Amino acid sequence: MGGSGKARLSGMQKQVLALYRGFLRAARSKSPEERTRIEAFVSAEFRRNSSQVDRKNFLYIEYLLRRGKRQLDQLKSPDTVGLSSLNVEVSHGEKT
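Everything numeric in this text was worked out from a predicted model, so none of it was measured.

Undergrad: I keep staring at the packing of helix α1 (residues 11-27) against helix α3 (residues 58-76) and nothing clicks. Help me out?
TA: Look at α1 against α3: their axes get within 10 Å of each other, and the N-to-C directions meet at 20°. In terms of axis orientation, α1 runs roughly parallel to α3. α3 is crossed by α1, and the crossing has left-handed handedness. In this structure, α1 uses M12, Q15, V16, L19, G22, F23 and A26 to contact α3, whose residues at the interface are F58, I61, E62, L65, G68, K69, Q71, L72, L75 and K76. Per-class residue counts for the contact of α1 with α3 are 10 nonpolar, four polar and three charged.

What follows is the structure, encoded as structure tokens:
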């Protein structure tokens, strides 16, 4: 194996990271002002979920992944100019 000493990521962790990177890539296609807003929002949302969602709550994490993928698809659309035209809803899933 690699000698990096880091723990291997689970499949779900890889999906979350891929979704995060997808949002950042999609933000590049928007105006500089919107790009900054999108990156800040996405970063805050991922950080909030990482601290509030129980890591063992796989059903809720899968739900967040599906919702995030739908939002990413909306953001990638040329008709979407920024967050204001994106259907964004903030959830409040908490650790149990």
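Undergrad: Which parts of the structure should I look at to understand the side chain of T80?
TA: Structurally, the position occupied by T80 is in the segment after α3. By relative accessible area, T80 is classed as buried at 8%.

Undergrad: Explain the pattern of salt bridges here, please?
TA: Pairing between side chains of opposite charge can happen when the charged atoms of each approach one another. This structure, assessed with the given rule, holds four salt bridges. Linking R37 and E34 is a salt bridge whose minimum nitrogen-to-oxygen distance equals 2.5 Å. With R37 and E34 both in helix α2 (residues 32-52) and three residues apart, this pair spans about one turn of that helix. Notably, a salt bridge pairs R67 with E45, separated by 3.9 Å at the nearest N-O pair. With R67 in helix α3 and E45 in helix α2, this pair connects stretches of sequence that are 22 residues apart. E45 gets classed as buried once you look at its relative accessible area, which sits at 12%.

Undergrad: Just to check I follow, could you spell out α1 for this structure?
TA: Think of an α-helix as turning once every 3.6 residues; residues three or four places apart then point the same way. For α1, built from 17 residues, the straight-helix expectation of 24 Å at 1.5 Å per residue is met to within 8% by its first-to-last C-alpha distance of 24 Å. Those residues of α1 that fall on the buried side of the exposure criterion are M12, L19, G22, F23, A26 and A27. Buried positions in α1, seen along its axis, are confined to an arc of 135° and lie on one side of it. Taken together, the buried residues of α1 touch α2 and α3.

Undergrad: Honestly, the packing of aromatic side chains in this entry has me stumped. Any pointers?
TA: Here a ring pair, both rings aromatic, is described through the centre-centre distance and the interplanar angle of the planes. On inspection of all chains with the given rule, the structure shows three aromatic pairs. Taking 6.4 Å as the distance between ring centres and 70° as the angle between the ring planes, the aromatic pair formed by F23 and F46 counts as edge-to-face. A residue pair is termed long-range when its members are at least 10 positions apart, and F23 in helix α1 and F46 in helix α2 qualify at 23 residues. An aromatic cluster is defined as three or more aromatic residues linked by ring pairs; in this entry it consists of Y20, F23 and F46.

Undergrad: What should I look at first to understand the environment of S51 in this one?
TA: Tracing the chain through its elements places S51 in helix α2. At a separation of 3.1 Å, a polar atom in the side chain of S51 contacts the main-chain carbonyl oxygen of R48.

Basis of the calculations
- Residues numbered from 1 in each chain as written.
- Predicted model: local features only at pLDDT ≥ 70, side-chain atom pairs only at ≥ 80, totals over all residues.
- Heavy atoms only, no water.
- Axes fitted to C-alpha atoms, helices over the stretch in contact; angles between N-to-C directions.
- Helix = DSSP H or I, 4+ residues; strand = E, 2+ residues; numbered from the N terminus.
- Parallel < 35°, antiparallel > 145°, perpendicular 65-115°, else oblique.
- Left-handed = near helix turned anticlockwise from the far one by under 90°.
- Contact = heavy atoms within 4.5 Å.
- Nonpolar A, V, L, I, M, F, W, Y, C, P; charged D, E, K, R; others polar.
- Buried < 20%, exposed > 50% of the residue type's maximum accessible area, 1.4 Å probe, protein only.
- Salt bridge = Lys/Arg side-chain N within 4 Å of Asp/Glu carboxyl O.
- Expected span 1.5 Å × (residues − 1).
- Arc of directions from axis to C-beta.
- Phe/Tyr/Trp six-rings, centres within 6.5 Å; stacked < 30°, edge-to-face > 60°.
- Polar contact = N/O pair within 3.5 Å; in protein donor to acceptor, adjacent residues only side chain to side chain.

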